[in-house]
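Survey of secondary and tertiary structure
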Protein chains: 2
Amino acid sequence: MANTGETKRDTLFVGALAKGLRVLRAFDESKPEMSLGELAKRTGMDKSTIQRLANTLHLEGYLDKDPNTRRLRPSHAWLELAYCYYWSDPLVGTAMPKLIELSRQLGETINLAEISGDHIIYVSRLPCKRTYFAATIIGRRLPALSTSAGRAILSTWPEAEREAAIETWPLKVFTPRTVMDRDEIRRSIDETIANGFSVSRDQMLLNEMAIAAPIIGPDGRALAGVQCSVSAYTWDDARLRAEILPWLLDTANSISPALRS
Amino acid sequence: MANTGETKRDTLFVGALAKGLRVLRAFDESKPEMSLGELAKRTGMDKSTIQRLANTLHLEGYLDKDPNTRRLRPSHAWLELAYCYYWSDPLVGTAMPKLIELSRQLGETINLAEISGDHIIYVSRLPCKRTYFAATIIGRRLPALSTSAGRAILSTWPEAEREAAIETWPLKVFTPRTVMDRDEIRRSIDETIANGFSVSRDQMLLNEMAIAAPIIGPDGRALAGVQCSVSAYTWDDARLRAEILPWLLDTANSISPALRS
DNA sequence: ATTTAACGTATCACTATGCGATACAGCACA
DNA sequence: TGTGCTGTATCGCATAGTGATACGTTAAAT
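This structure is a prediction, so every number in the text was calculated from the model and none was measured. (Residues numbered from 1 in each chain as written. Chains lettered and ligands numbered in written order. Predicted model: local features only at pLDDT ≥ 70, side-chain atom pairs only at ≥ 80, totals over all residues. Heavy atoms only, no water.)

1. Thoughts on the protein's contact with DNA strand D
Around DNA strand D sit 18 residues in total, of which A:Ala16, A:Ser35, A:Arg70, B:Thr49 and B:Arg52 are the nearest. Of what DNA strand D places within 4 Å of the protein, 51% of the atoms are sugar or phosphate. The backbone of A:Phe13 places a nitrogen or oxygen atom 3.3 Å from a phosphate oxygen of DNA strand D. A distance of 3.1 Å separates a base nitrogen of DNA strand D from a polar atom in the side chain of B:Ser48. Secondary structure elements with two or more residues in the surface near DNA strand D: helix H1 (15–25), helix H2 (36–43) and helix H3 (47–59) of chain A together with helix H3 (47–59) of chain B. (Near = heavy atom within 4 Å. Polar contact = N/O pair within 3.5 Å; in protein donor to acceptor, adjacent residues only side chain to side chain. Helix = DSSP H or I, 4+ residues; strand = E, 2+ residues; numbered from the N terminus.)

This is the structure:
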């Protein structure tokens with residue numbers, strides 16, 4: 001009745017489960033481990049509630065508890081879930097061997113990114129050179145409009161949806177050179193439509209260049225992209241197009257026809 | 001009261017959350033997507049219960065629902081959880097750049113495995129050659145006793161625990177040559193104690209060889225190992241020791257001292 | 001066409017179950 | 001020895017999850 005903000009939430013909604021999941025989501029790169037109190041503060045839930053939820057998550061193997069500090073951390077179960085995800089994603093199975101082959105050929109970092117709402121998410125990463133940590137691990141989400149993979153994907157969408165995305169999807173400053181001007185992004189995507197690939201630079205990290213090609217589905221619409229990420233210290237636009245692009249396109253195109261299901 | 005099999009489960013246990021988690025766990029490589037009915041069968045829960053739990057998981061973004069078939073699949077959220085895990089695991093951050101460097105040097109598949117109960121779990125994988133799918137994705141759990149990484153880890157443990165592990169930890173047949181004789185495993189681990197590394201062959205997959213070294217913690221006890229996996233068609237024991245082992249040991253040892261926290 | 005089955009969806013009364021205030025215990029820092 | 005943190009345990013109450021039942025739709029079978 002006197003429910004604070006929650007919308008209707010009918011009888012098919014299990015609040016206790018949702019709260020538990022929200023506890024999981026409370027962990028992130030800035031807070032990779034927490035005490036009960038911190039969790040309570042962060043989630044805004046009652047101390048007792050957190051106690052019960054955390055205890056349950058611990059007993060079920062989803063949270064590890066440091067025997068000394070009693071602080072809670074994500075457990076190996078979180079990795080097992082990723083393992084499951086991979087089996088359920090039809091794209092990964094067919095793409096993986098080709099991505100490995102590509103990374104071997106080029107000797108540069110190859111990523112597989114999928115669209116996830118208005119972000120892209122890195123589903124597979126094959127790092128070949130040292131980069132910063134976040135660039136080596138899967139599951140990272142980035143604003144689609146700011147990434148070459150996101151733009152490559154969008155370039156295959158019908159104009160209306162594409163335009164809506166360009167106008168409304170979120171942008172965030174990562175570097176001083178992250179493009180925040182939507183007109184400039186539109187131009188970049190228009191180029192991608194014409195060329196079939198997208199190049200970006202300094203968007204997430206200074207002196208990082210990326211080139212991406214869409215993996216086009218049966219309906220002509222891409223939901224994923226193959227991306228190659230290199231250092232601008234040793235690469236430039238011309239070399240990228242000459243030495244990387246042909247193989248990248250080959251790989252992306254060779255994955256596309258396999259998407260019959 | 002008339003509770004079927006469940007043990008006590010005191011007042012600090014949120015059954016609804018636990019059930020929801022059990023729904024997540026119902027998905028695996030053999031069942032990567034399911035209908036409500038299948039879920040009910042598989043979890044043994046009431047149809048209505050599954051309906052509510054699945055609906056909640058869907059609304060919270062943990063299950064994707066195919067608009068046509070209404071079947072449920074793991075969502076991208078499962079990958080985000082893995083992303084979180086990586087930030088919380090102190091080992092990964094220090095190990096990753098060195099593993100990348102190692103894989104580049106050797107041009108062979110490098111894995112980082114951690115002990116997780118009586119299994120090892122692959123935390124990071126850097127595939128360089130085509131292998132079968134399951135060998136390319138993180139989160140896979142394998143019986144520790146059957147893997148070179150598991151044996152390398154165990155070799156650093158105090159004798160009592162080590163012996164208990166050898167006697168009681170589970171074994172499973174993966175290939176006709178998977179070793180099921182615990183005495184033979186004990187001998188293999190004794191060798192590892194003497195040499196500081198472990199070699200295995202044909203254990204998970206025929207004609208697959210693996211060599212692993214422990215990453216030793218501050219207390220002298222390993223909880224993880226670096227493993228290199230190669231094809232027996234192009235490698236043999238002697239070459240493995242000559243061309244891979246030195247670098248592998250270097251890498252493992254260079255990670256160890258960084259584990260102060 | 002008609003039947004049957006299987007599935008996803010919706011409703012509802014009951015009470016088991018999760019809620020949160022409160023009190024207790026252990027460990028720091030002063 | 002106090003003070004303020006932790007994490008842990010208890011308990012009565014009413015909410016919130018339960019599971020039987022029923023409805024509607026789709027797909028295969030006759």
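What follows picks up the thread again.
2. As for helix H8 (residues 182–195) of chain B
All names here are of chain B. With 14 residues, H8 should cover 20 Å at 1.5 Å per step; its first-to-last C-alpha distance of 20 Å lies within 8% of that length. Considered for burial, the residues of H8 that qualify are Ile185, Arg186, Ser188, Ile189 and Thr192. Down the axis of H8, the smallest arc covering the buried residues is 160°, so these residues share one side. Each element contacted by the buried residues of H8 is listed here: helix H6 (148–154), helix H7 (159–168) and strand E6 (198–201). For H8, the capping residue at the N-terminal end is Asp181, with a side-chain oxygen 2.9 Å from the backbone nitrogen of Asp183. (Expected span 1.5 Å × (residues − 1). Buried < 20%, exposed > 50% of the residue type's maximum accessible area, 1.4 Å probe, protein only. Arc of directions from axis to C-beta. Contact = heavy atoms within 4.5 Å.)

3. Looking at the protein's contact with DNA strand C
Close to DNA strand C lie 17 residues; A:Thr49, A:Arg52, B:Ala16, B:Leu36 and B:Arg70 are nearest. A distance of 2.7 Å separates a phosphate oxygen of DNA strand C from a polar side-chain atom of A:Thr49. At 3.3 Å from a base oxygen of DNA strand C is found a side-chain nitrogen or oxygen belonging to B:Lys47. Contributions of two or more residues to the surface near DNA strand C are made by H3 of chain A together with helix H1 (15–25), helix H2 (36–43) and H3 of chain B. With three residues, the single largest contributor to the surface near DNA strand C is H3(A). Considering only residue class, the surface near DNA strand C consists of four nonpolar, seven polar and six charged. (Nonpolar A, V, L, I, M, F, W, Y, C, P; charged D, E, K, R; others polar.)

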